[in-house]
4 protein chains.
Amino acid sequence: MEKVAERQLEKWVDHTRIYANNGKVADYIPALKRQNPEINAAAFLHLDGECVQAGEADYLFTIQSVSKVLALAVALMNHGEEAVFSRVGKEPTSDPFYSISKLEVEKPSKPINPMINAGALAVTNMMSGKTSDDMLQEILEFVHQLIADDTVDYDREVAKSEYDSAFLNRSLCYFMKQNGIITGSVEELLDVYTKQCAIQMNVKQLAKVAAVFANEGKDIETGEQVIPRHYARICNTFMGTCGMYNQSGSFAINVGIPAKSGVSGVIMGVVKDVGGVAVFGPALDNTGNSVVGVKLLEIMSRSYQWSIF
Amino acid sequence: MEKVAERQLEKWVDHTRIYANNGKVADYIPALKRQNPEINAAAFLHLDGECVQAGEADYLFTIQSVSKVLALAVALMNHGEEAVFSRVGKEPTSDPFYSISKLEVEKPSKPINPMINAGALAVTNMMSGKTSDDMLQEILEFVHQLIADDTVDYDREVAKSEYDSAFLNRSLCYFMKQNGIITGSVEELLDVYTKQCAIQMNVKQLAKVAAVFANEGKDIETGEQVIPRHYARICNTFMGTCGMYNQSGSFAINVGIPAKSGVSGVIMGVVKDVGGVAVFGPALDNTGNSVVGVKLLEIMSRSYQWSIF
Amino acid sequence: MEKVAERQLEKWVDHTRIYANNGKVADYIPALKRQNPEINAAAFLHLDGECVQAGEADYLFTIQSVSKVLALAVALMNHGEEAVFSRVGKEPTSDPFYSISKLEVEKPSKPINPMINAGALAVTNMMSGKTSDDMLQEILEFVHQLIADDTVDYDREVAKSEYDSAFLNRSLCYFMKQNGIITGSVEELLDVYTKQCAIQMNVKQLAKVAAVFANEGKDIETGEQVIPRHYARICNTFMGTCGMYNQSGSFAINVGIPAKSGVSGVIMGVVKDVGGVAVFGPALDNTGNSVVGVKLLEIMSRSYQWSIF
Amino acid sequence: MEKVAERQLEKWVDHTRIYANNGKVADYIPALKRQNPEINAAAFLHLDGECVQAGEADYLFTIQSVSKVLALAVALMNHGEEAVFSRVGKEPTSDPFYSISKLEVEKPSKPINPMINAGALAVTNMMSGKTSDDMLQEILEFVHQLIADDTVDYDREVAKSEYDSAFLNRSLCYFMKQNGIITGSVEELLDVYTKQCAIQMNVKQLAKVAAVFANEGKDIETGEQVIPRHYARICNTFMGTCGMYNQSGSFAINVGIPAKSGVSGVIMGVVKDVGGVAVFGPALDNTGNSVVGVKLLEIMSRSYQWSIF
C-alpha cells in the first residue's frame, strides 16, 4: 500500500484547517473550553517505523475517550474476554455516549458496549489495583509500554475540572452500583476515570499507540506482543463499530477504518498492516467528533484506499 | 356521613391480618427488613376530634414516601405554586417511582410529578434552610405543628441505613444536578431526604396529619389554616392521582380516596370533610404498597361510601 | 350545593370566548380543521332535571375521545371488570394519548389505560357485535338509552376523514394484533372506532350523558340503573385520573372533577351527586384540550366548589 | 490469501451440523416453520471464478433479510446517497430489528439504519416502479444481473404466509406513513417487501451475489461495474456494522467480515478481494441468526484470516 507522504499530509492539514469553523470546542468540561480551535495536527506512523507529521505535532492534548480503548485492553489482559463481557456488552448503539436510559430499560442492566461512558466506567472498574492511584498507574504503565516513553502523564487541571463536573458520570456509576455492575467506591472510580481521560499526548505519541493496534498487538520495533492478538482485534472491532460516538456508522462509510475519538478533538485511527494515525483539532461537530479530524481522515482514507469495507 | 366505629375497625384489622401472607416486607433498605410482618394497625381521626384505633396503634414506623406530601406542602408554602412546578411536573405516570429514563427522554428534563423519587428529591431541594440540619428541621417543625406534638423525630438507624444504600437516589440526584433541576450538594440533599423518610410516627399521629388535609388545611381543633387551602388541595390531588406508586389507578377504582403509601408499610388516607386515616402493615405487594393496608382501606371505603368517584 | 344559574353561565361563556385565541383548531383530521374557533357552548343538567345552557347550545360536534368512556362502559357491561382489565391497564400515564413505545417496552404488552388511543382501541375491540355495523350499533344504542333520544347518529364525513388518515391508530392496532391484545380485522375495528368518535351531539345532550355518571349510573328521570354503579364509578375514576390527555394532573388540581375531553373541542364533566356538564370550543391547547372549555370549567368549579380533592 | 479448499469445507460442514441442536427454526412465519433443521450448506466463490461447495448446496431457501442489502443497492442506484439517507439513518443500533419505539422517541422520526425492518421498508419504498409488480421486478432484475441467471424467482407460499402475518411490519409502515417517511400504499409496499424476502436461491447463487460485493461492485467474470463502487462499499459497511441483527457486534469480533443474515437461516458474507460466501442452516439462535452458519463462518474466518479488524 502506498505510504503517507509528509508534504502531502502538510497540504491536507493546511487545507482542512478552515473546517474548524463548522464546529465548536467542547464546553461542558471547563478546562477544555479554553482550547484554541485553530490548532490542527496529524501524524502517521508506518509499521516500518517511518513517521510523518504535519501541523502542531508537538501540541499536547488530553486523550479523553481514546482512553476507553486502552482501559479495555488492560481489562481484557487482567480478566479475559468472558469476565469482561459478563459486565459490558458487545453491540453498537445509536444512543449518545452519555445515555442512561438503556441501563434501566434493558434486563439485565448492562452497558451496551465499552465505548459509551457507562461501559467505559464499568471497564475501568476492572483495573486490578486496589487504590485509585494503583488503578491509574496500571493504565499509565500500559501506555508507557505501548509507546516506550515513561514521560506520558495526565493533566491535573483537566482531570480535576472533569471530576468536579462529572455529574452525569456519577449518575451512571451510582445507577450501575445499584445494579451490581460496578463495585467499590464510586468516587475513587471517577477519580481514576477522569485522570485516564486526562492523559496527555501529542499526535506522534498517539500514532505510536495506534500502530500497535494496526500491528496485531505487536510493538513495531521489537515485535513483542504487547497486547495479545485477539484482544487487539477486539479493541479494533469496537473502534470499527462504535468508536466515533453516534457518528460511527457514517464514519465507517466515509472513512472505513477503526478509530476512536475524544471530546478534546482527538481521533486515533488504525490502518491494519499499514500504520497508526492520530489527528487533532478541537472544534467538534454535534456528535462530539473533531470536524477537522474527520475531514482529514476522509481525505487520507480515500487517497490511500484504507477502507476495510 | 356515618362515623367509623372502633369495634368494627378492630374486627376488620383482625380479619385482614392474614393478608400479610400475600406480601413481603421491604428488603432493599436493610433496616426495614427486620420489621415484623404481623403488625397491623389502623386509626381514624374524625374532624370532630373523635379518634378510633385498632391493632398496634402505638407502634412507631418510619413514614418513608408519605414524607413526599409533607415536603411538597412546605415547598409550596416556601416558594408558591409557580416556582415549585417550574421544577417538577403535575402529571401522573405509570412508570415505577424510582425510574430515571423519563428524565433523559423528556425535554426539558423535569421529574414528572412530586410523588416519584426524582420529583420528591427536587421538592426537598426547595427547603429554605441553608444546611441539611436546617432543611430537616423545617420539615420536622411542620410536622410538629400539624399534629401539635414536638416529640416526633426520625429514626437514626433507618436514616443511616437508607443513606448508605441510596445508590439509585444518588443516581437520580446527579442526573438532575447535571440538568439544573437540583442545586447544591447532592450528599446534603440525600442526608435530608433519607432523614425525612425516617420520620417516625404511629397511626394515631399520622391520622392527625391526614385530618388536616381532610379539613382543607385547617387544624381540626383550633381551626387555624395550617396549610393554605389551595396547597392542601394540591397535595390531596397528587395523593389522588399518583399517591400509591404504580397502583394509583387501581387504588382509585377500588378505594377512591387521596392516599399516600410508604415502603415501611404505611398508608395515609384523606376522607374529605370526614377525617384522616392511617393504616400500617409492613408486608408489601409488588408495587410497594402495604397489602393489609390496601385491603383495609378497600373495606372501609366500601362500607362508609368514601369514594370520591 | 348551589345550583348553576343560567345568567351566570351566559356571562362566563361570553367572558371566556376570547381565550380561543390562545388555542388552535385540530388540524390532523381534515374534517375537523374547518370548525369555527369562535363557537362556545355550555350546558349543565342538574340531577333534579333542571338544565341550564349558554352559547351555541344546539351546535352539533363530534364527541371524539369522549366516546372512549362510553365504549368502556359497554365493554364492562359486556364482559365484566376482570376480562376488560386483562386486556387494558388501569394506571394513568404521562405519555401522550397516541404513544406506541410503552406497548413495546412493557412486558406483557398491554395498553396502560382505556383513555389513551391504544387502550380505547382494545376496548372497542370488545364490543359483542360480529360485524362493524353491529359493534357501532351497540355503542349508539347505549347512547340512545343514556339520553333517551334515538336521533343521535354519527357524522359520515368526519368518520370517513378520520378513517382515511388514521395511520397512527392503524399502527397501534397492528402492533396490538401482533401481540394478541386485539383480535379480528383491524380495518373493521378502525371503521367502528372512527365512527364512534364521530358520534354527534350538542352540549345539552352530552350533559345528559354526564348526568348519568354523576348519578351513580342511574337515569336521572326514571331512576333506572342504566350503568351498574360500580362500572359508572370505574368510568368516573378514569376520567378523574386520565381523562384530560396529558394535562390530567394539572386539570385535577385546577378543576378537580372527573372529565373527558375530545379533540373536536368538547369536554364532558361529572359533578358527583350534583349534575353533568358539557362544554364546547374547538380551539385546543397543545395537549389537545379545549382552551375555552378548560377555562370555563375552572371558573365553574371554583365558584361552585366542585373539586373532589 | 489462501483459497478455500472443498474437502476442508465439507469436513467443516459435517462437523458443524450438530450445532443445529442449539437453535430453533423460525416459527413466527408459518411457512418457514416447516424447514428441516438438519440441512447444512455452504458455498464459496473465489474472485477468480472457482466455486467450492459443501452440504445441500442445491437446496433453495428464501433469502429474507439478505434482500435488505439488495434493495439498498437498488435504492442507491435509483436516487443517490443523499436522497436515500434523508429517509433512513446510518448508525448501528442495539435494538432488535423489529423495534418501533425509536421511531417515536427520536425527532425527526427516521429509521436508524437500512438493516432493521423499519429502515428496510423505507428503502423498498424507494423502488422506482409505480406498481408493486414493477417494484418487485426491479429487485429481481437486479438479482438476475448480479448472478447472470434469469431463473431466480420468489416463493409464492412463503411470500403469502409472511404477508398475511406481517402485523408488526404493517405497524411500522403505518407509523412511518404518519410521519412522512414512507409514501403511497402500505399494502402494496408490504406486498413487494414480503416478496423480496421470499426470493429463492441456493448457496451457490448467493455466494455469487456476495462475490460482487467482495469485488467492489464488479462482475467477477466480465469485470463490469454492476454496482457503483461507492455504493457497494456502503452496502458492505452496513453488513459490517449491523448486518447480523443485534449480534452484529459480537459477530464482528468473532468473524469480522461484512455479512447479512436472514431468518430462514441464511448468511451471506463478503471477503473483500477474495470472494463471496453463503451458508445455510435453518436453526436460529435467539437473535435470529443461523447457529450453524455463524459457527461455520467463525471457523472459516479463523482458518483463513478473513477478519478485517
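Once a new chain begins, its residue numbering starts again from 1 and follows that chain's sequence as written. Here every chain gets a letter starting at A, and every ligand a number starting at 1, in the order they are written. Residues qualify for local features only when their pLDDT is at least 70, as the model is predicted, and side-chain atom pairs are given and counted only at 80 or more; totals for whole chains, interfaces and linings, by contrast, use all residues. Water and hydrogen atoms play no part in the side-chain values, which are based on all heavy atoms of the structure.

## Details of the interface of chain A and chain D
Here, two residues are considered to be in contact whenever any of their heavy atoms come within 4.5 Å of each other. Counting from both sides, the interface comprises 33 residues of chain A and, opposite them, 33 residues of chain D. Buried area, as used here, totals the accessible surface that two parts lose on assembly, with accessibility defined by a 1.4 Å probe and the loss added over both. Summing both partners gives a buried area of about 2,800 Å² for chain A against chain D, and 59% of it is carried by carbon and sulfur. Looking only at chain A, the three residues that lose the most surface to chain D are E91(A), I253(A) and F309(A), adding up to 27% of its buried area. Salt bridges, as used here, are contacts in which a Lys or Arg side-chain nitrogen is within 4 Å of a carboxyl oxygen on Asp or Glu. Applying the counting criterion to the chain A and chain D interface returns 2 salt bridges. K102(A) is the partner of D95(D) in a salt bridge, and the nearest nitrogen-oxygen pair spans 3.0 Å. We define a polar contact as two N or O atoms separated by no more than 3.5 Å, with the added condition that, inside protein, one atom must be a possible hydrogen donor and the other a possible acceptor, whereas residues neighbouring each other in sequence contribute only through side-chain atom pairs. The tally of links from chain A across to chain D stands at 18 residue pairs in polar contact (both at pLDDT 80 or more). For the side of chain A that touches chain D, the secondary-structure elements that each account for two or more residues are α11 (229-242) and α12 (248-254) of chain A. Classification convention: Asp, Glu, Lys, Arg as charged; Ala, Val, Leu, Ile, Met, Phe, Trp, Tyr, Cys, Pro as nonpolar; all other residues, Gly among them, as polar. Among the residues making up the side of chain A that touches chain D, the classes are represented as 10 nonpolar, 15 polar and 8 charged. Only DSSP runs of H or I reaching four residues or more are called helices, and only runs of E reaching two or more are called strands; each is numbered from the N terminus.

## Brief notes about the sheet that holds strand β7 (residues 266-271) of chain A
All names here are of chain A. Between any two strands, at least two bridges found by DSSP are needed for them to pair. The strand order across the open sheet built from 5 strands is β3-β2-β8-β7-β6, with neighbouring strands paired in antiparallel fashion. The sheet is open, and its two borders are formed by β3 (51-55) and β6 (259-262), each paired with just one other strand. In this sheet, adjacent strand axes meet at a mean angle of 10 degrees when their direction is disregarded. As paired elements, β7 and strand β8 (residues 275-280) share 6 bridges and run antiparallel to each other. Note on β8: the bridge partner recorded for V266 is F280. Helix-sheet contacts for helix α1 (residues 6-16) involve β2 (41-46) and β3, and the interaxial angle to β3 is about 25 degrees. Only the contacting stretch of a helix is used when fitting its axis, a line to C-alpha atoms as for every element, and angles between N-to-C directions run 0 to 180 degrees.

## Some details on the side chain of S99(A)
Within the secondary structure layout, S99(A) lies in the loop between α3 (66-87) and α4 (101-105). For every residue, the accessible area (1.4 Å probe, protein chains only) is compared with the maximum for its type, and the residue is labelled buried under 20%, exposed over 50%, or partly exposed between those bounds. Judged by its relative accessible area of 9%, S99(A) is buried. In this structure the side chain of S99(A) is engaged in a polar contact, spanning 2.4 Å, whose partner is the side chain of E104(B). Contact partners of S99(A), with chain neighbours within four places excluded, come to L172(A) and E104(B).

## A few points about the relation of the copies chain C and chain B
Each of the two chain copies can be generated from the other by rotation about an axis followed by a shift along it. Superposition of chain C onto chain B requires a rotation of 180 degrees combined with a translation of 0.0 Å along the rotation axis, giving an RMSD of 0.0 Å. Such a combination of rotation and displacement between the chain copies is what one expects of a two-fold axis. For chain C, the smallest separation between a C-alpha atom and the rotation axis is recorded for T93(C), amounting to 2.0 Å. The fraction of interface residues of chain C whose copies in chain B are also interface residues reaches 100%, indicating that both copies meet through the same surface. A residue counts toward the fit only if its pLDDT is at least 70 in both copies, and the copies are then superposed by least squares on the C-alpha atoms of those residues.

## Remarks on the pattern of salt bridges
Per the counting criterion, the structure on display carries 63 salt bridges over all chains. The salt bridge partner of E298(D) is K295(D), with a shortest N-O separation of 3.8 Å. Taken together, the residues E298(D) and K295(D), both in helix α12 (residues 291-304) and 3 residues apart, mark about one turn of the helix. Residue E298(D) is classed as buried on the basis of its relative accessible area, which comes to 16%. Beyond isolated ion pairs, a larger network of salt bridges with shared partners links D95(A), K102(A), D95(D) and K102(D).

## Some words on the interface of chain C and chain B
Frequently, the measure chosen for interface size is the accessible area removed from exposure when the parts meet. Contacts between the two partners involve 33 residues from chain C and, on the opposite side, 33 residues from chain B. Of the roughly 2,800 Å² buried between chain C and chain B on both sides combined, carbon and sulfur atoms contribute 58%. Per-residue buried area on chain C facing chain B is highest for E91(C), I253(C) and F309(C); these three make up 27% of the total on that side. In this structure, the connection of chain C to chain B is made through 2 salt bridges. At the junction of chain C and chain B, the tally comes to 18 residue pairs in polar contact (both at pLDDT 80 or more). Mapped onto the side of chain C that touches chain B, the elements with two or more residues apiece are α11 (229-242) and α12 (248-254) of chain C. It is α11(C) that provides the largest number of residues to the side of chain C that touches chain B, a total of 9 residues. Partitioning the side of chain C that touches chain B into residue classes produces 10 nonpolar, 15 polar and 8 charged.

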